[in-house]
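Listed here are the chains, written in short residue letters.
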Amino acid sequence: MPEIDTLFVVMAAAAFGAGLMRGFAGFGSAMVMSPLLSLYYGPVAAVMAIAIMEVVVSVQLVPKVLKHVEWPLLLPATLAAFVGMPLGVWALVAIDGQAIALFISGLVLLFVLVLASGWRYSGNRPLPATLGIGTLCGALITSTSVGGPPLLIYMMAGQSAAQQVRANIIVFFAILEVITPFALWIGGRFDAAHLVMGALFCPTYLVGAWIGTRLFRQSSEALYRRVALILLSLIAVYGLAAPLL
């Protein structure tokens, strides 16, 4: 449980920035909050705190995007993520977190470079690929809190519009973050104090998300893709550089 001190103020300010990204892009909040929370409170606290923040902000974001969701893509990816979540809880205990972060960060950076070249996939998304991506995202959410990049890259490589990409990722996180505390409880890693800590950061997080949503409404398709690629690049570079910091 954080004390109301300078560190708490810094975390609350970071939550505002995280909310700004979440409201605009539909993802990116864990990139801000997970490293800070993990550093000062531990990785399990980070996963739990971010879960409650995501659940609360989803009440604000989800109703406005449901009409844009691509359900034939999102449903199988979400169901597969349920399978991956216990694997992430196991990895949180059994595997070096830095090794996971390095592998995923390298993969994300590779695909960002491909997307930045302007390449887009015009065919149908095969179900096995969708299920594989969903499983990977589920495992990453419960082990690192940063589970969005694989699905986001998968969607951006296709022909989905910005509104659809953002809606898909918002609803995907909303569903999985509700499940995350239960997955941690089953894995013996649940601590209610971490949920309370996340709730304390929700006010500034919600304000940031509200402003980010308004900014998205004024943006273009091209601007959204540029911002998404920049955020993905930052996630990847941070993940690769973190062991050296």
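Above this note sits the structure.
The model shown is predicted, which means the values in this text are computed figures rather than measured ones.

### Comments concerning the side chain of Glu70
Then comes step 1: Here Glu70 is to be found in the loop between α3 (43–65) and α4 (71–94).
Then comes step 2: Ignoring anything within four residues of it in the chain, the contact list for Glu70 reads Arg125, Ser160, Gln164 and Asn168.

### With respect to the pattern of salt bridges
Then comes step 1: All chains considered together, the criterion is met by one salt bridge.
Then comes step 2: The salt bridge involving Glu54 is made with Arg22; its shortest N-O contact spans 2.5 Å. Of this pair, Glu54 sits in helix α3 while Arg22 sits in helix α1 (residues 6–25), and the two are 32 residues apart along the sequence.
Then comes step 3: On the basis of relative accessibility, which here comes to 0%, the residue Arg22 falls in the buried class.

### So, the packing of aromatic side chains
Each pair of aromatic rings is reported with the distance of its centres and the angle of its planes.
Then comes step 1: On inspection of all chains with the given rule, the structure shows five aromatic pairs.
Then comes step 2: Ring centres of Phe216 and Tyr224 lie 5.7 Å apart, and the angle between their planes is 85 degrees; on these two criteria the pair is classed as edge-to-face.
Then comes step 3: Using a relative accessible area of 11% as the deciding quantity, one classes Phe216 as buried.
Then comes step 4: Overall, the relative accessible area of 1% leaves Tyr224 in the buried class.

### Observations concerning α4
Then comes step 1: In this model, α4 (24 residues) spans 34 Å end to end at C-alpha, consistent with the 34 Å of a helix rising 1.5 Å per residue.
Then comes step 2: The axis of α4 is deflected most strongly, by about 30 degrees, at Val83, and proline Pro86 appears within four residues downstream.

### So, the packing of helix α6 (residues 127–144) against helix α7 (residues 149–156)
Then comes step 1: Interhelical geometry of α6 versus α7 gives an angle of 150 degrees and a closest axis separation of 8 Å. Between α6 and α7, the angle falls in the class roughly antiparallel. Facing Ala129, Thr130, Ile133, Leu136, Cys137 and Leu140 of α6, the residues of α7 in contact are Pro150, Leu151 and Tyr154.
Then comes step 2: Across the contact of α6 with α7, the residue classes tally to eight nonpolar, one polar and no charged.

### Remarks on the nonpolar core
Then comes step 1: Ranked by size, the top nonpolar core spans 64 residues in total, and within it Phe27, Leu37, Leu151, Leu152 and Tyr224 carry the most contacts.
Then comes step 2: Per element, the largest residue contribution to this core is 10 residues, and it comes from helix α8 (residues 162–186).
Then comes step 3: Other than its neighbours up to four places away in sequence, Leu152 contacts Phe27, Val165, Ile169, Tyr224, Ala228 and Leu232.

Calculation notes
Residues numbered from 1 in each chain as written. Predicted model: local features only at pLDDT ≥ 70, side-chain atom pairs only at ≥ 80, totals over all residues. Heavy atoms only, no water. Helix = DSSP H or I, 4+ residues; strand = E, 2+ residues; numbered from the N terminus. Contact = heavy atoms within 4.5 Å. Salt bridge = Lys/Arg side-chain N within 4 Å of Asp/Glu carboxyl O. Buried < 20%, exposed > 50% of the residue type's maximum accessible area, 1.4 Å probe, protein only. Phe/Tyr/Trp six-rings, centres within 6.5 Å; stacked < 30°, edge-to-face > 60°. Expected span 1.5 Å × (residues − 1). Bend = angle between axes of the 7 residues up to and from the residue. Axes fitted to C-alpha atoms, helices over the stretch in contact; angles between N-to-C directions. Parallel < 35°, antiparallel > 145°, perpendicular 65-115°, else oblique. Nonpolar A, V, L, I, M, F, W, Y, C, P; charged D, E, K, R; others polar. Core = buried A, V, L, I, M, F, W, Y, C linked by side-chain atoms within 4.5 Å.

On their own, these measurements won't tell you what the molecule is for.
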